[in-house]
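Letter by letter, the chains look like this.
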Number of protein chains: 2
Amino acid sequence: MVSKKEHQAHSHCPLALGLDIVGDHWTLLIVRDLLFGKHEFKEFLESDEGISSNILSDRLARLQAQTVVQWIHHPQSKKRKLYYLTGKGKELIHVVVPLVRWSLKHRQGEVQIPAQRAAALQQGPEQFIRSTLQALAEWESAHGIDAMGTHTRL
Amino acid sequence: MVSKKEHQAHSHCPLALGLDIVGDHWTLLIVRDLLFGKHEFKEFLESDEGISSNILSDRLARLQAQTVVQWIHHPQSKKRKLYYLTGKGKELIHVVVPLVRWSLKHRQGEVQIPAQRAAALQQGPEQFIRSTLQALAEWESAHGIDAMGTHTRL
DNA sequence: TAACTTTACTTGCATTATGCAAGTATTCTG
DNA sequence: CAGAATACTTGCATAATGCAAGTAAAGTTA
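Residues numbered from 1 in each chain as written. Chains lettered and ligands numbered in written order. Predicted model: local features only at pLDDT ≥ 70, side-chain atom pairs only at ≥ 80, totals over all residues. Heavy atoms only, no water.

A word on the packing of helix α6 (residues 93–106) of chain B against helix α8 (residues 125–142) of chain B
Residue and element names in this part refer to chain B.
Then step 1. Two elements in contact, α6 and α8, have axes separated by 11 Å at closest approach and are oriented at 135°. Our classification of the angle between α6 and α8 gives oblique. Here α6 and α8 pass one another in a crossing that is right-handed. Judged by residue contacts, Ile93, His94, Val97 and Arg101 of α6 engage Pro125, Phe128, Ile129, Thr132 and Leu133 from α8. (Axes fitted to C-alpha atoms, helices over the stretch in contact; angles between N-to-C directions. Helix = DSSP H or I, 4+ residues; strand = E, 2+ residues; numbered from the N terminus. Parallel < 35°, antiparallel > 145°, perpendicular 65-115°, else oblique. Left-handed = near helix turned anticlockwise from the far one by under 90°. Contact = heavy atoms within 4.5 Å.)

A closer look at the packing of helix α2 (residues 27–35) of chain A against helix α1 (residues 14–22) of chain B
Then step 1. Two elements in contact, α2(A) and α1(B), have axes whose closest approach is 10 Å; the angle formed by their N-to-C orientations is 165°. Classed by the angle they form, the pair α2(A) and α1(B) counts as roughly antiparallel. Viewed along their axes, α2(A) and α1(B) form a crossing whose handedness is right-handed. Residues A:Leu28, A:Leu29 and A:Arg32 of α2(A) form the contact with α1(B), whose participating residues are B:Leu15, B:Ala16 and B:Leu19.
Then step 2. Classifying every residue of the contact of α2(A) with α1(B) by side-chain character gives 5 nonpolar, no polar and 1 charged. (Nonpolar A, V, L, I, M, F, W, Y, C, P; charged D, E, K, R; others polar.)

Observations concerning the relation of the copies chain B and chain A
Each copy of the chain is related to the other by a rotation around an axis and a translation along that axis.
Then step 1. Rotating chain B by 180° and translating it 0.0 Å along the rotation axis places it on chain A, where the RMSD comes to 0.0 Å. In symmetry terms, the pair is related by a two-fold rotation axis. Taking the C-alpha atom as reference, chain B places B:Asp24 closest to the rotation axis, 2.5 Å from it.
Then step 2. When the interface residues of chain B are mapped onto chain A, 100% of them again lie at the interface, so the same face is used by both copies. (Least-squares fit on C-alpha atoms with pLDDT ≥ 70 in both.)

A closer look at the protein's contact with DNA strand C
Then step 1. In the vicinity of DNA strand C lie 24 residues, with A:Asn54, A:Lys78, B:Lys42, B:Lys79 and B:Tyr83 positioned nearest.
Then step 2. Restricting the count to atoms of DNA strand C within 4 Å of the protein gives a sugar and phosphate share of 66%.
Then step 3. A:Ser77 places a side-chain nitrogen or oxygen 3.5 Å from a phosphate oxygen of DNA strand C.
Then step 4. In the environment of DNA strand C, a phosphate oxygen lies 2.7 Å from a nitrogen or oxygen atom belonging to the side chain of B:Ser57.
Then step 5. Ranked by residues supplied to the surface near DNA strand C, first place goes to helix α4 (residues 53–65) of chain A with 4 residues.
Then step 6. Here the surface near DNA strand C is built from residues that sort into 5 nonpolar, 9 polar and 10 charged. (Near = heavy atom within 4 Å. Polar contact = N/O pair within 3.5 Å; in protein donor to acceptor, adjacent residues only side chain to side chain.)

Some thoughts on the pattern of salt bridges
Then step 1. For the structure on display, the rule yields 18 salt bridges over all chains.
Then step 2. Salt-bridge contacts for A:Asp58 lead to A:Arg59; the nearest nitrogen and oxygen are separated by 2.6 Å.
Then step 3. According to the relative accessible area criterion, A:Arg59 is buried, its value standing at 12%.
Then step 4. Two residues, B:Arg80 and B:Glu40, come together in a salt bridge whose shortest N-O distance is 2.9 Å. Here B:Arg80 is found in the loop between β1 (69–73) and β2 (81–85), whereas its partner B:Glu40 is found in the loop between α2 (27–35) and α3 (41–46), with 40 residues between them in sequence.
Then step 5. B:Arg80 sits in the partly exposed class, given a relative accessible area of 32%. (Salt bridge = Lys/Arg side-chain N within 4 Å of Asp/Glu carboxyl O. Buried < 20%, exposed > 50% of the residue type's maximum accessible area, 1.4 Å probe, protein only.)

Considerations on the interface of chain B and chain A
Then step 1. Contacts between the two partners involve 43 residues from chain B, matched on the other side by 43 residues from chain A.
Then step 2. Buried area between chain B and chain A, both sides added, is near 4400 Å², and the carbon and sulfur share of it is 67%.
Then step 3. Three residues stand out in chain B for area buried against chain A, namely B:Leu15, B:Trp102 and B:Leu154, and they jointly supply 17% of the buried area on that side.
Then step 4. Here chain B is connected to chain A by 2 salt bridges.
Then step 5. Between B:Glu91 and A:Lys105 there is a salt bridge, with its nearest N and O atoms 2.7 Å apart.
Then step 6. The interface formed by chain B and chain A includes 20 residue pairs in polar contact (both at pLDDT 80 or more).
Then step 7. For the side of chain B that touches chain A, the secondary structure elements donating two or more residues are α1, α2 and α6 of chain B.
Then step 8. Here the side of chain B that touches chain A is built from residues that sort into 23 nonpolar, 9 polar and 11 charged. (Buried area = accessible area lost by both parts, 1.4 Å probe.)

Pasting the structure below:
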């Protein structure tokens, strides 16, 4: 790992404990990619924000250590890995979506979203969450992953 | 300010734009304090996580620049400032609460909450949000602040 | 009213984390 | 078998953070 993050000042506040895991600039962006259909290292690298490979590697390792992310071998390739969110990871959608909505409301001039996702958001947050999780569940069953936690309510 | 944060890779993703504002280790903890009744510099310093004063000062300045936070003079003192959340800031409760709930579910062994807040959470998230915002609205009207945005739905 | 304390900061310096370019070890592809 | 792709790691410069100390204005106490 690139760092130790020694200074976790060990609060028992649930918010602080959550931020220990997702409270940096990159982690939630990786979770976003995983929620919206990306699964490979190179795909995360290609996202607009331009994460560097050492940071990506580090964050994936941390997310695995926290059982937020796991991976399987690519069915067609020994070298490629397919990362995916655990049930715990998928439940972060309930944090991601409100932050997206907050930005849409308060930074609307600067935001751009793929038309398809904008349309899905029109259906309202609950429906958006449902269909996003449904897509993940289908991917999982197509890859032989035991899809526990599809019906996450948090 | 302590830094310039040059490297904001200017994505147009709403999540990334949101994280530009609240995506560091400290900002949401300050927002939490503001949501739950703290208003002064020293009170933020006293929180369990132990933020240092230079970082606190920097984050408060950024939050003001983003119109998430504002302040008034303490009615009994010329030197003291009372910080408070704008409507935009208060709406971050819809991000904070889900992350709190996520931690309560997934890091339950490590979490401790003041009994009063745990009880309030028992009422369900919507009611918890309502009563938290209600308390802020009362503080605001007690301090002559025009309480726009009490009924935030995001 | 002089001395002490409080508040909201700033400054300086050591330590950590990040960004970037390059390198590496497998694995696949033509 | 030569070259490209994938998932990393390494090294080094730069930026952010932690910590201790300092400061200026205001308030409090003797």
